[in-house]
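Per-entry structural report
Now for the letters of each chain:
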Amino acid sequence: MTTPDPDDPALPTPVQTDPVPTNPALTATVDLDAIAHNVSVVRAASGADVIAVVKADGYGHGAVPVARAALEAGATELGVAVIGEALALRAAGLDAPITAWLHTNDDDFGGAIAAGVDLAVSSRRQLGRVLDAARALGTTATISVKVDTGLNRSGVAADEWSDFAADLAAAVAEEAVTVRAMMCHLARGDEPEHPLNSEQARRLDTARADLVRRGAGPEVMHLANSPAALTRPDLARDLVRPGIAIYGGVPIPGRDFGLIPAMTLSGEVALVKRLPAGQGVSYSHTWVSERDTMIAVVPAGYADGVPRTASGRLRVRIGDRDFPQIGRICMDQIVIDLGADGGGVREGDRAELFGTGLTGGPTAQEWAETVGTIDYEILSRIGGRTARTYVRSGHTADAPQVPDPVGEPQVGERR
Ligand SMILES: *Cc1c(COP(=O)(O)O)cnc(C)c1O
């Protein structure tokens with residue numbers, strides 16, 4: 001068993017490491033070439049321009065480096081949930097169009113407008129507050145109209161539509177706002193053939209026709225999330241809004257789109273020791289050794305995003321071997337069973353918790369299936385003390401050549 005040598009030229013060169021990770025022994029390595037490859041896959045499948053969704057700190061991958069890599073790979077815009085996320089991207093120097101679509105009463109609409117953030121509005125109240133903020137700044141705000149076409153979450157509700165449209169037409173007439181886009185979000189995008197997908201698109205088209213009739217038509221439309229972008233090019237309109245696909249996650253379980261998981265989570269083996277037969281391991285001794293064995297401790301726990309409900313059900317890859325995780329997953333550490341011969345594992349070896357799966361190792365999707373969730377949740381919870389490192393693996397043979405994007409370390413961009 002050998003520990004990878006960081007100076008080995010065969011390994012991808014880190015192009016950025018966040019400066020002071022709290023637990024440098026636990027690493028989320030993010031392959032920016034995988035991000036670029038995945039953007040290319042979505043562009044090819046949808047035939048549309050891409051709004052790379054980098055909310056929730058880029059689904060746990062780091063919003064700023066992911067945004068840069070996605071834009072360099074041909075994405076044209078960025079999407080986030082809340083204004084603070086958009087302002088953080090602006091503060092990092094990203095000047096691409098950014099849309100933020102989730103707002104509460106005290107949000108700084110003026111700050112967002114001043115920073116050139118496109119606010120997607122979901123109600124007359126929000127539109128009114130955008131207008132107030134734009135007037136106070138003496139400027140024209142660029143907005144998107146988020147229409148509730150059936151998800152029944154955000155978006156202008158059907159029973160408010162005609163009043164909203166009248167307000168918007170008046171605001172456009174007085175040049176207080178420019179309508180950049182109309183958008184909606186699919187309820188069943190991961191069931192490509194479900195009739196609701198086409199129905200939601202039809203409702204968005206109808207709302208658009210209404211705004212056009214009132215002289216307040218949008219420049220562009222978008223509704224497709226990752227699964228729809230990959231399977232329903234007919235829904236793409238002008239742009240698609242993929243999130244999970246960009247990260248190489250699993251938009252539709254069981255379907256292979258040739259995406260590459262961008263994040264590999266690995267920890268350094270902290271301790272290797274002998275365990276006699278009949279001994280319980282970790283809290284409550286839920287696992288008891290049946291034979292003399294060797295165990296190892298890896299410094300990753302539920303505070304780092306390893307789901308405690310997966311206790312005793314994960315596998316960890318060291319070198320080319322899988323070892324079972326045993327006993328309770330703790331806040332900071334897990335224990336793995338190396339077997340009677342210790343499997344050749346030594347302290348300091350790298351233990352892969354999940355990664356690309358390209359050589360059969362565990363994946364975030366496998367964790368998700370183990371605990372009954374989706375990889376979105378697994379990935380977006382990776383953080384805490386984890387050190388993020390960005391590499392360029394060269395995975396993008398079939399993708400456009402992109403320049404090395406991250407010349408200098410970006411201090412303070414982890415949030
Ligand atoms: C999160 C989100 C997306 C991206 O969804 P994926 O399923 O990750 O592709 C797109 N649009 C909106 C409004 C979202 O909230």
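Residues numbered from 1 in each chain as written. Predicted model: local features only at pLDDT ≥ 70, side-chain atom pairs only at ≥ 80, totals over all residues. Heavy atoms only, no water.

This part takes up empty space enclosed by the protein. Per the counting criterion, the structure on display carries one cavity of 30 Å³ or more. Each pocket or cavity is described by its volume, and for the largest cavity that value is around 30 Å³. What lines the largest cavity is simply Lys 146, Val 147, Asp 148, Thr 149, Leu 151, Ser 154, Cys 184 and His 185. Residues that form the lining of the largest cavity fall into these classes: three nonpolar, three polar and two charged. (1 Å grid on protein atoms, 1.4 Å probe; cavity = no way out; pocket = protein on both sides within 12 Å on 5 of 7 lines; lining within 4 Å. Points joined across faces, edges and corners; volume = space filled by probe spheres on them. Nonpolar A, V, L, I, M, F, W, Y, C, P; charged D, E, K, R; others polar.)

Right, let's talk about the confidence of the model for the protein for a bit. Chain-level pLDDT for the protein is 92 on average; 91% of the residues reach the 70-or-more range. Note on residues 399-415: pLDDT is under 50 here. Beyond four places in sequence and across chains, it has 39 contacts. (pLDDT = per-residue confidence, 0-100. Contact = heavy atoms within 4.5 Å.)

Once that is clear, we can look at the pairing of strand S9 (residues 220-224). Taken across its five residues, S9 has five buried, putting it largely inside the fold. Here strand S8 (residues 177-183) runs beside S9; their pairing, made up of three bridges, is parallel. Directly across from Met 182, in S9, lies its bridge partner Met 221. Crossover S8 to S9 through helix H8 (residues 195-213) is right-handed. Where S9 and strand S10 (residues 239-240) come together, two bridges link them in parallel fashion. Of the residues in S10, the one forming a bridge with His 222 is Leu 239. (Buried < 20%, exposed > 50% of the residue type's maximum accessible area, 1.4 Å probe, protein only. Helix = DSSP H or I, 4+ residues; strand = E, 2+ residues; numbered from the N terminus. Pairing = 2+ DSSP bridges. Right-handed = clockwise from strand over helix to strand, strands pointing away.)

This part covers the pattern of salt bridges. Applying the stated criterion across every chain yields a total of 24 salt bridges. Here Arg 385 makes a salt bridge to Asp 304, at a shortest N to O gap of 3.0 Å. You can see Arg 385 sitting in the loop between helix H11 (375-380) and strand S20 (386-391) and its partner Asp 304 sitting in the loop between strand S15 (293-298) and strand S16 (315-318), a full 81 residues away along the chain. A relative accessible area of 24% means that Arg 385 is categorised as partly exposed. Residue Asp 304 is classed as buried on the basis of its relative accessible area, which comes to 1%. With a shortest N-O distance of 2.7 Å, Arg 315 and Glu 366 are connected by a salt bridge. Here Arg 315 is found in strand S16, whereas its partner Glu 366 is found in helix H10 (residues 364-371), with 51 residues between them in sequence. Residue classification places Arg 315 among the partly exposed positions, given a relative accessible area of 21%. Assessed through its relative accessible area of 26%, Glu 366 is described here as partly exposed. (Salt bridge = Lys/Arg side-chain N within 4 Å of Asp/Glu carboxyl O.)

In this section: the layout of surface pockets. Empty space within the second largest pocket amounts to approximately 490 Å³. What lines the second largest pocket is a set of 29 residues, among which His 185, Leu 186, Asn 225, Pro 227 and Tyr 376 lie closest to the centre. For the lining of the second largest pocket, the elements supplying multiple residues, two or more each, are helix H2 (55-59), helix H9 (226-231) and H11. Split by domain, the lining of the second largest pocket shows at least three residues from each of two domains, domain 1 (32-247) and domain 2 (263-391). (Domains from an automatic or database assignment.)

What follows covers the environment of Ala 48. Structurally, Ala 48 can be placed in the loop between helix H1 (32-46) and strand S3 (49-53). Separated by 185 residues in sequence, Ala 48 and Pro 233 have C-alpha atoms that sit 7.9 Å apart. Among all residues touching Ala 48, those that are not within four sequence positions of it are Arg 43, Ala 236, Arg 237, Asp 238, Leu 239 and Val 240.

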